[in-house]
Amino acid sequence: MFLTRVFGRTLFAAAKSEASAAAAAGASTIQRNPLEEFFEADRNPDDEKPVVYGRSWKASELRLKSWDDLNKLWYVLLKEKNMLMTQRQMLHAQNLRFPNPERLPKVRKSMCRIKHVLTERAMEEPDPRRSAEMKRMINAL
């Protein structure tokens, strides 16, 4: 009984201090749900100006970028594609119209062009082992 009280108090105090530390850390940073990244930030419907989205990447522009930059851009586009498809599916389930449906083909085109540029680089690689490794990485994308 005595041990239960002592250990219970120390565990309770430790949990309380962890909770207060987490609250203090939470006060300085905003806790966001990671699933919120699958949805576009809400815009004010009263805005009169329509939102203009950019164009897809050109292959000539992508050829100027490094291998690492292309990989980073691939994952940014993949995240954008997932967000758009999630939003489209959610709106479709509610029988609502998907705004700006032309965005999804732009993202897909850019992703195809990145794969094309990376494949060009892999084919130009003089070392066959490195070329095969690069092709495996590209196919894994």
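Quick caveat: nothing in here was measured; it's all calculated off a predicted structure.

**Q** Mind laying out the overall build of the chain, listing which residues take part and the relevant values?
**A** When helices and strands are counted, the chain shows five helices and zero strands. For the chain, the α and β elements follow one another from N to C terminus as α-α-α-α-α. Looking at the chain as a whole, 18% of its 141 residues are labelled buried. Contacts in the chain between residues far apart in sequence, at least 24 positions, make up 62% of those at least 6 positions apart.

**Q** Help me get a handle on the pattern of salt bridges, residues and values and all.
**A** Oppositely charged side chains can form a pair if their charged atoms are brought close together. One pass over the full model with this rule turns up four salt bridges. Where Arg63 meets Glu120, a salt bridge forms, and the shortest distance between an N and an O atom there is 3.0 Å. Residue Arg63 is located in the loop between helix 2 (59-62) and helix 3 (67-93), and its partner Glu120 is located in helix 4 (residues 103-124); the two are separated by 57 residues in the primary sequence. Overall, Arg63 belongs to the partly exposed group, its relative accessible area being 40%. For Glu80, the salt bridge is made with Arg103, and the minimal N-O distance between the two is 2.6 Å. Residue Glu80 is found in helix 3, and its partner Arg103 is found in helix 4; the two are separated by 23 residues along the sequence. Since its relative accessible area comes to 8%, Arg103 is described here as buried.

**Q** Can you lay out the packing of aromatic side chains for me, pointing to particular residues and giving the numbers?
**A** Under the criterion given, the structure shown has zero aromatic pairs. A cation over a ring is seen here: Arg103 above Tyr53, with NZ or CZ 3.9 Å from the ring centre.

**Q** Break down the packing of helix 4 against helix 5 (residues 128-140) for me, with residues and values.
**A** Remark: helix 4 packs on helix 5, axes separated minimally by 8 Å, with the N-to-C direction vectors making an angle of 165°. In terms of their interaxial angle, helix 4 and helix 5 are classed as roughly antiparallel. In this structure, helix 4 meets helix 5 at a crossing whose hand is left-handed. Seen from helix 4, the contacting residues are Lys115, Leu118, Thr119, Arg121, Ala122 and Met123; seen from helix 5, they are Ser131, Met134, Lys135 and Ile138. Here the residues of the contact of helix 4 with helix 5 are counted per class, giving five nonpolar, two polar and three charged.

**Q** So what's going on with helix 5? Which residues, and what values?
**A** For helix 5, spanning 13 residues, the distance from its first C-alpha to its last is 18 Å, which sits close to the expected 18 Å at 1.5 Å a residue. Residues Ser131, Met134 and Ile138 constitute the buried set of helix 5. With its buried residues spanning 65° around the axis, helix 5 presents them on a single face. In helix 5, the exposed residues that point more than 90 degrees away from the buried face are Arg129, Arg136, Asn139 and Ala140.

**Q** Outline the confidence of the model for the chain, supporting the account with residue identities and numerical values.
**A** In this model, the chain carries an average pLDDT of 78, and 67% of its residues clear a pLDDT of 70 or more. This stretch, residues 1-22, has a pLDDT under 50; its non-local contacts, to residues over four places away or in other chains, come to one contact.

**Q** Tell me about helix 4, and please be specific about residues and values.
**A** Under the 1.5 Å per step criterion, the end-to-end length of helix 4 is 32 Å for 22 residues, consistent within 8% with the ideal 32 Å. Contacts made by the buried residues of helix 4 are with helix 2, helix 3 and helix 5.

**Q** Tell me about the nonpolar core, and name the residues and values.
**A** Among the nonpolar cores identified, the biggest contains 19 residues, and Leu62, Leu70, Leu77, Leu84 and Ile114 are the most heavily contacted of them. Elements supplying a minimum of two residues to this core: helix 2, helix 3, helix 4 and helix 5.

The rules behind the values
Residues numbered from 1 in each chain as written. Predicted model: local features only at pLDDT ≥ 70, side-chain atom pairs only at ≥ 80, totals over all residues. Heavy atoms only, no water. Helix = DSSP H or I, 4+ residues; strand = E, 2+ residues; numbered from the N terminus. Buried < 20%, exposed > 50% of the residue type's maximum accessible area, 1.4 Å probe, protein only. Contact = heavy atoms within 4.5 Å. Salt bridge = Lys/Arg side-chain N within 4 Å of Asp/Glu carboxyl O. Phe/Tyr/Trp six-rings, centres within 6.5 Å; stacked < 30°, edge-to-face > 60°. Lys NZ or Arg CZ within 6 Å of the ring centre and 35° of its normal. Axes fitted to C-alpha atoms, helices over the stretch in contact; angles between N-to-C directions. Parallel < 35°, antiparallel > 145°, perpendicular 65-115°, else oblique. Left-handed = near helix turned anticlockwise from the far one by under 90°. Nonpolar A, V, L, I, M, F, W, Y, C, P; charged D, E, K, R; others polar. Expected span 1.5 Å × (residues − 1). Arc of directions from axis to C-beta. pLDDT = per-residue confidence, 0-100. Core = buried A, V, L, I, M, F, W, Y, C linked by side-chain atoms within 4.5 Å.

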